[in-house]
Amino acid sequence: MKTMQQGWLSNWLVKHEVVHRSLGFDHRGIETLQIKAGDWDSIAVILYVYGYNYLRSQCAYDVAPGGSLASVYHLTRIQYSIDNPEEVCIKVFAQKDNPRIPSVFWIWRSADFQERESYDMVGISYDNHPRLKRILMPESWIGWPLRKDYITPNFYEIQDAH
């Protein structure tokens, strides 16, 4: 059986008995961790205090039809040199029937529009987000357009494309 290599952050979380799962490293050598939704807010604070003060990006995707949804956070720590930042990727999964994840808006303000877009397109509710409402689709829109089980409604374009 092949054992997965863990990075320093995963080892630190194990040492402090924080439940997580290492998903390995991407092609750039950035460690990816899976965190339970219930633990995300406290782990986010730990990462911020440790120096991950820049939320590079946040996105969400539908893992599989009938499966779960994932919210992905790319965090950066610039300690001594802007040329050599430390990065980590955090994946937080939620069940489709009640997709709720704690918002990190209060830690990284740049999560504002990114979490709103994930809510609008995939349907993940970010608890304690101050303005969680649709950002791209009209408020009256039904459904979540980027879910794999989304069915496009029948409607006709009112304006010409030109």
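Presented here is an overview of the structure given in this document. Every chain is numbered independently, its residues counted from 1 as its sequence is written. Side-chain atom pairs in this predicted model are given and counted only at pLDDT of 80 or more, local residue features only at pLDDT of at least 70, and totals for whole chains, interfaces and linings cover all residues. Calculated side-chain values reflect all of the structure's heavy atoms, with hydrogen atoms and water omitted.

### A few points about the overall build of the protein
Step number 1: In this description a helix means any DSSP run of H or I spanning at least four residues, a strand means any run of E spanning at least two, and both kinds are numbered starting from the N terminus. Scanning the protein from N- to C-terminus turns up three helices and seven strands.
Step number 2: N-terminal to C-terminal, the α/β element order of the protein is α-β-β-α-β-β-β-β-α-β.
Step number 3: Exposed residues in this analysis have more than 50% of their type's maximum accessible area, buried residues have under 20%, and partly exposed residues fall in between, with area computed by a 1.4 Å probe over protein chains only. For the protein, with 162 residues in total, the buried portion stands at 40%.
Step number 4: By definition in these notes, contact holds between two residues if any of their heavy atoms fall within 4.5 Å. Long-range pairs, those at least 24 residues apart, make up 50% of the contacts in the protein between residues at least 6 apart in sequence.
Step number 5: For the accessible areas, the method is Shrake-Rupley and the probe is 1.4 Å, while residue cover comes only from the protein chains on display. Taken as a whole, the protein presents about 10300 Å² of accessible surface, with 52% of it coming from carbon and sulfur.
Step number 6: Between the averaged position of the 17 positive side-chain charges in the protein and that of its 19 negative side-chain charges there is a distance of 3 Å. Charged-residue counts in this description rest on Lys and Arg as positive and Asp and Glu as negative, His and the chain ends being excluded. Charge positions are represented by NZ for Lys, CZ for Arg, CG for Asp and CD for Glu.

### Observations regarding the environment of F25
Step number 1: Along the chain, F25 falls in strand β1 (residues 21-25).
Step number 2: Along the backbone, F25 and A60 are 35 residues apart, and their C-alpha atoms lie at a distance of 19 Å.

### Section: the pattern of salt bridges
Step number 1: One side-chain nitrogen of Lys or Arg within 4 Å of one carboxyl oxygen of Asp or Glu is enough to make a salt bridge. If you walk through the whole model with that rule in mind, you get eight salt bridges.
Step number 2: Residues K96 and D149 are paired through a salt bridge, measuring 3.9 Å at the closest nitrogen-oxygen approach. Remark: D149 occurs in the segment after β7 (125-127) and K96 occurs in the loop between β5 (86-95) and β6 (100-102); sequence separation between them is 53 residues.
Step number 3: Residue R100 pairs with D127 through a salt bridge whose shortest N-O separation is 2.7 Å. Separated by 27 residues along the polypeptide, R100 in strand β6 and D127 in strand β7 bring together distant segments of the chain.
Step number 4: The class of D127 is partly exposed, set by a relative accessible area of 25%.
Step number 5: Residues joined in a network through salt bridges with shared partners are R28, R56 and E87.

### A closer look at unusual backbone geometry
Step number 1: Of note, E17 is a non-glycine position whose phi angle comes to about 55°, a positive value.
Step number 2: Classification of E17 as exposed rests on a relative accessible area of 73%.
Step number 3: Positive phi, close to 70°, is recorded for N128, a residue that is not glycine.
Step number 4: Look at N128 and you get exposed, because its relative accessible area is 65%.

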